[in-house]
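Report on the structure
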Amino acid sequence: MAGREAAKNVLRAQRIELPSWAFGNSGTRFKVFAQQGVPRDPFEKVADAAQVHAFTGVAPTVALHIPWDEVEDYGALGRAAADAGITLGTVNANVFQDDDYKLGSVTNPDPAVRRKALDHLFACIDVMDRTGSRDLKLWFSDGTNYPGQDDIRARQDRLAEALEAVYARLSADQRLILEYKLFEPAFYTTDVPDWGTSYAHCLRLGERAQVCVDTGHHAPGTNIEFIVAFLLREGKLGAFDFNSRFYADDDLIVGAADPFQLFRILFEVKQAGGLAADSGIAFMLDQCHNIEPKIPGQIRSVMNVQEATAKALLVDTEALSAAQAAGDVLGANGVLMDAFNTDVRPLLAELREEMGLDPDPMAAYARSGYAERIVADRVGGNQAGWGA
Ligand code: LRH
Ligand code: MN
Ligand code: MN
């Protein structure tokens, strides 16, 4: 088993970004269940995100979604974040909620709609300039529902044109992160359906265009760790949107349905040097807590990522390489399984104590009284954005 102390050093420096939308009410198209005490504005979302960092010590940034998190004064939002001990992170663009986007945003056949979408993407870059954010994350709901509805190739041309314009607008220290998704809300074609499409566009754009792997955006049975290994090898993996899925884009707690998959993904990241502080990979959560309380849901998510990371770090890579070189199939598999089957909770508890944190973040949060305070203080909380 690889060294505990070395693993702790990597885990101490690990950073996991939280999504602002995880803290608001959310649900499915059937029902949004309102919870008491949820944030009424972006400032309160930032305050809740800061709680997750306070108890885990590894989640010091919160991603914004524009316009869900639109405010008059981003400087004030940044200061509120700093006062609470965190900073503002990735800016996620939203060109999927207006009636105008029924036939697409940047790939819409109507140039006026394309212009409107592009203007929004430019506005997101203006927000980044004010918040000091490095990454602009783009996910397009664009696609078609019926064969013949629109020209598949023309839509790719329109997409490429918009991406070029956005890329040209970014400053030298900003990045464009292009997310893909198999399907939904378009069901027949999706304009960025898979990693290959995202990769091809990013390759053309240049070095600061990178792919985002949202773990929930694949067909069942897809080998996500292969995609991760491939993109890392090409220097094109910019970000993760972590969550867990059973059937579709479920956005459930990462590592809940399949902690083994999360371990396999993080092992590939580790093998490629992606856990180094300067790797440039943004490890983000992209989740909604529809039926469970939101702040504990985020704390649990961060802990699940930490546990999978710890197991990936404990893989005895020397023994693994030796078994691989010897063609020892079962031996090599056994080395991986040994690490996966290790209980890393004591190691993480020890690390937290060394970091001056409570070894049990869930219990410490529950004891803190914060949940009761926000229920008493906040009346009429907001929906996260979905179904709004
Ligand atoms: C799309 C998606 C994308 C959005 C987020 C709210 O399914 O994963 O990342 O920005 O959900
Ligand atoms: Mn996502
Ligand atoms: Mn999604």
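Residues numbered from 1 in each chain as written. Chains lettered and ligands numbered in written order. Predicted model: local features only at pLDDT ≥ 70, side-chain atom pairs only at ≥ 80, totals over all residues.

1. Overview of the overall build of the chain
Each helix and strand counted, the chain has 14 helices and ten strands in total. For a compact globule of 388 residues, the expected C-alpha radius of gyration is about 21 Å, and the chain comes in at 21 Å, within 12% of that figure. Taking the principal axes of its C-alpha atoms as reference, the chain extends roughly 60 × 60 × 40 Å. Considering the chain as a whole, with its 388 residues, one finds that 46% of them fall into the buried category. Considering only residue pairs separated by 6 or more positions, the chain has 78% of its internal contacts joining residues 24 or more positions apart. (Helix = DSSP H or I, 4+ residues; strand = E, 2+ residues; numbered from the N terminus. Rg over C-alpha atoms; globule rule 2.2 N^0.38 Å. Buried ≥ 20, exposed ≤ 12 C-beta atoms within 10 Å, placed from the backbone. Contact = placed C-beta atoms within 7 Å.)

2. Here's the deal with helix α12 (residues 345-354)
Along α12, the positions that sit buried rather than exposed are L347, L348, L351 and R352. Taken end-on, α12 shows its buried residues confined to a sector of 135°, consistent with a single buried face. Turned more than 90 degrees away from the buried face of α12, the exposed residues are P346 and E353. Where α12 is buried, its residues meet α1 (4-13) and α9 (294-313). (Arc of directions from axis to C-beta.)

3. Regarding the nonpolar core
Ranked by size, the top nonpolar core spans 102 residues in total, and within it L136, L176, L178, V211 and V213 carry the most contacts. The element contributing the most residues to this core is α9, with nine residues. Each residue touching L176, except ones within four places of it in the same chain, is listed here: L136, L138, V166, Y167, L170, L205, R208 and A209. (Core = buried A, V, L, I, M, F, W, Y, C linked by C-beta atoms within 7 Å.)

4. Topic: helix α2 (residues 42-56)
Since the α-helix packs 3.6 residues into each turn, any two residues three or four apart lie on the same face. The terminal C-alpha atoms of α2, which comprises 15 residues, lie 21 Å apart, in line with the 21 Å expected from a rise of 1.5 Å per residue. Across the 15 residues of α2, 14 count as buried, placing the element largely inside the fold. Of the residues flanking the end of α2, it is G57, one or two places downstream, whose phi is positive at about 75°. (Expected span 1.5 Å × (residues − 1).)

5. Notes on the confidence of the model for the chain
Chain-level statistics for the chain give a pLDDT mean of 97 and a share of 98% at 70 or above. Both scores are given for the predicted complex: the pTM is 0.97, the ipTM 0.99. (pLDDT = per-residue confidence, 0-100.)

6. Topic: the site of ligand 1
Residues in contact with ligand 1, as listed here, are W21, N92, W139, E179, K181, D214, D241, D249 and D286. Class assignment of the residues belonging to the shell around ligand 1 gives a composition of two nonpolar, one polar and six charged. (Near = placed C-beta within 6 Å. Nonpolar A, V, L, I, M, F, W, Y, C, P; charged D, E, K, R; others polar.)

7. Concerning the packing of α2 against helix α3 (residues 74-84)
Between α2 and α3, the least distance of the axes is 9 Å, while the angle of their chain directions is 25°. Considering the angle they form, α2 stands roughly parallel to α3. As for how α2 packs across α3, the hand of that crossing is right-handed. Facing α2, whose interface residues are P42, F43, V46, A47 and A50, α3 presents L77, A80, A81 and A84. In terms of residue class, the contact of α2 with α3 is built from nine nonpolar, no polar and no charged. (Axes fitted to C-alpha atoms, helices over the stretch in contact; angles between N-to-C directions. Parallel < 35°, antiparallel > 145°, perpendicular 65-115°, else oblique. Left-handed = near helix turned anticlockwise from the far one by under 90°.)

8. Structural notes on the sheet that holds strand β8 (residues 209-214)
Taken together, eight strands build an open sheet; the order of strands is β1-β2-β3-β4-β6-β8-β9-β10 and the sheet is parallel. The open sheet has two edge strands with one neighbour each: β1 (18-19) and β10 (282-285). Relative to strand β6 (residues 175-179), strand β4 (residues 135-138) runs parallel, the two sharing four bridges. Of the residues in β6, the one forming a bridge with K137 is I177. (Pairing = 2+ DSSP bridges.)

9. Observations regarding the pairing of β4
Of the two faces of β4, the one holding D135 and K137 and the one holding L136 and L138 are both buried throughout. Bridge analysis of strand β3 (residues 87-93) against β4 gives two bridges, and the strand direction is parallel. The residue bridging V91 from the neighbouring strand is L136, located in β4. Following the chain from β3 across helix α4 (residues 111-131) to the adjacent parallel β4, one finds a crossover that is right-handed. (Right-handed = clockwise from strand over helix to strand, strands pointing away.)

10. Structural notes on unusual backbone geometry
The residue after I66, namely P67, is reached through a cis peptide bond having omega 20°. Positive phi is not limited to glycine here, since E184 has a value of about 80°. Here E184 lies in the loop between β6 and β7 (189-190). Exposure remark for E184: the 12 C-beta atoms within 10 Å place this residue in the exposed category. Even without a glycine there, the phi angle at D251 is positive, about 55°. With respect to the helices and strands, the residue D251 is situated in the loop between β9 (237-242) and α8 (259-271). Judged by C-beta crowding, with 23 C-beta atoms within 10 Å, D251 ranks as buried.

11. Some thoughts on the pairing of β6
Most of β6 sits inside the fold, with five of its five residues counted as buried. Burial of β6 is two-sided: the residues R175, I177 and E179 facing one way and the residues L176 and L178 facing the other way are all buried. Here β6 pairs with β8 via four bridges, running parallel. Looking at the pairing, E179 lines up with C212 of β8.

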